[in-house]
Amino acid sequence: MTELDVAGLQRRLAEFAAARDWEQYHTPKNLAAALSVEASELVEIFQWLTPEQSARVMADPESAHRVQDEVADVLAYLLQFCEVLGVDALAALAAKIDRNEGRFPVAEGP
């Protein structure tokens, strides 16, 4: 059974790394660098596309597959990074949204 919650995915990633003796490489520095590389690979897909082409990228099965793979890589490294540092990614996101709602209030009408 596949767990599609953050903790379950983090567990699967940790088990995958442990089975291959990769934990030694999963330092915060290395994971942050890997996250940056994978995010850059996602950007690369869109690099020379027009705004209109980029909006249609998921319509092409080949480019859709590439986008999904890079999104998965970015998320995997982010979850591993959070696990190593003890960051609750969802709590961090919720707190950031709360702060941004205070920093950027909705403009009132005229």
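Above this text sits the structure in question.
Residues numbered from 1 in each chain as written. Predicted model: local features only at pLDDT ≥ 70, side-chain atom pairs only at ≥ 80, totals over all residues. Heavy atoms only, no water.

It is worth spelling out the packing of aromatic side chains at this point. Per the counting criterion, the structure on display carries 1 aromatic pair. Taking 5.5 Å as the distance between ring centres and 70° as the angle between the ring planes, the aromatic pair formed by Phe16 and Trp22 counts as edge-to-face. Judged by its relative accessible area of 41%, Phe16 falls in the partly exposed class. A residue is classified by how much of its surface remains accessible, and Trp22, at 38% relative accessible area, is partly exposed. The ring of Phe16 is capped by Arg20, whose NZ or CZ atom sits 3.6 Å from the centre of that ring. (Phe/Tyr/Trp six-rings, centres within 6.5 Å; stacked < 30°, edge-to-face > 60°. Buried < 20%, exposed > 50% of the residue type's maximum accessible area, 1.4 Å probe, protein only. Lys NZ or Arg CZ within 6 Å of the ring centre and 35° of its normal.)

Okay, the environment of Ala34 next. Relative to the assigned elements, Ala34 resides in helix α2 (residues 28–46). When its relative accessible area of 19% is taken as the criterion, Ala34 is described as buried. Considered as a pair, Ala34 and Arg103 are 69 residues apart in the sequence and their alpha carbons are 31 Å apart. (Helix = DSSP H or I, 4+ residues; strand = E, 2+ residues; numbered from the N terminus.)

Keep in mind these values describe shape, not function.
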